[in-house]
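Coordinate analysis (summary)
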Amino acid sequence: GDMVVIDPATDTVERRIPLPGGRFPHGLYLVPQDHIAFVACERDAKLLTVDLAEGRVIAINDVGAGPDVLAFDAELGRLYVAAESGPLSVFSYRDRALTKLADMAIASSAHTVEVNPTNHEVYLPLENWQGRPILRIMAPPPSR
């Protein structure tokens, strides 16, 4: 349940950051310029925002059941959290804080997501959509 900071040169644990408020941390996305990490917790559908400099959780948001993979569009300030249960949670990121924009139904096992930084399209490969694999491509939702 901790985030572990490892020195790659020595392969040693430098510190541990406790992650209260989430069960079974699974997905991770780092925003190094802001010293922020987003951690998706699989067993309780929580998204933790972690201040890496202070070593503490600073916010907790709800996401779809079984969050798995995170993608970030730095230019638009959008964080996407794909969940195995089917929804895609979309957040606006500004001033080191998240605001939920949408929970969108994608499909069962839609737990892979990627963002094209050039055109901001969101790619969701689906293994089985009505008996065949497809790639769902979505434009970003408008800002609020």
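What counts and what doesn't
- Residues take numbers from 1 onward in each chain, read along the sequence in its written order.
- This being a predicted model, a pLDDT of at least 70 is required before a residue's local features are given, and a value of 80 or more before pairs of side-chain atoms are given or counted; all residues contribute to the totals for chains, interfaces and linings.
- Note that the side-chain values use all heavy atoms of the structure and ignore hydrogens as well as water.
- Helix and strand definitions follow DSSP, with helices as H or I runs of at least four residues and strands as E runs of at least two, each counted in order from the N terminus.
- The globule rule used here is 2.2 Å times the number of residues to the 0.38 power, and the radius of gyration it is set against is calculated over C-alpha atoms.
- As used in this record, nonpolar core signifies buried Ala, Val, Leu, Ile, Met, Phe, Trp, Tyr and Cys residues forming a set joined through side-chain atoms within 4.5 Å.
- To sort residues, take the accessible area from a 1.4 Å probe on protein chains only and compare it with the maximum for the residue type: under 20% means buried, over 50% means exposed, and anything in between is partly exposed.
- Pairing between strands requires that DSSP locate at least two bridges from one strand to the other.
- An axis is simply a line fitted to the C-alpha atoms; with a helix, the fit covers only the stretch in contact. Between two such axes, the angle follows the N-to-C directions and lies from 0 to 180 degrees.

With that settled, consider the overall build of the protein chain. The helix and strand inventory of the protein chain stands at zero helices and 13 strands. Ordered by position from the N terminus, the helices and strands of the protein chain form the series β-β-β-β-β-β-β-β-β-β-β-β-β. What you see for the protein chain is a C-alpha radius of gyration of 15 Å, in line with the 15 Å of a compact globule of 144 residues. Counting only C-alpha atoms, the protein chain reaches 45 × 30 × 30 Å along its principal axes.

Ranked by size, the top nonpolar core spans 15 residues in total, and within it Tyr80, Leu88, Ile106, Val113, Val122 and Leu124 carry the most contacts. Those elements that place two or more of their residues in this core are β8 (78-83), β9 (87-94) and β12 (122-129). Of all hydrophobic cores here, the second largest spans 14 residues; its members include Ala45, Leu47, Leu70 and Leu98.

The next subject is the sheet that holds strand β4 (residues 36-41). The strand order across the open sheet built from four strands is β3-β4-β5-β6, with neighbouring strands paired in antiparallel fashion. The strands lining the two open edges of the sheet, one partner per strand, are β3 (25-31) and β6 (56-62). Ignoring strand direction, the axes of neighbouring strands in this sheet form an average angle of 20°. Two elements, β3 and β4, share six bridges in a ladder whose sense is antiparallel. Along β4, the bridge assignment pairs Leu28 with Val39.

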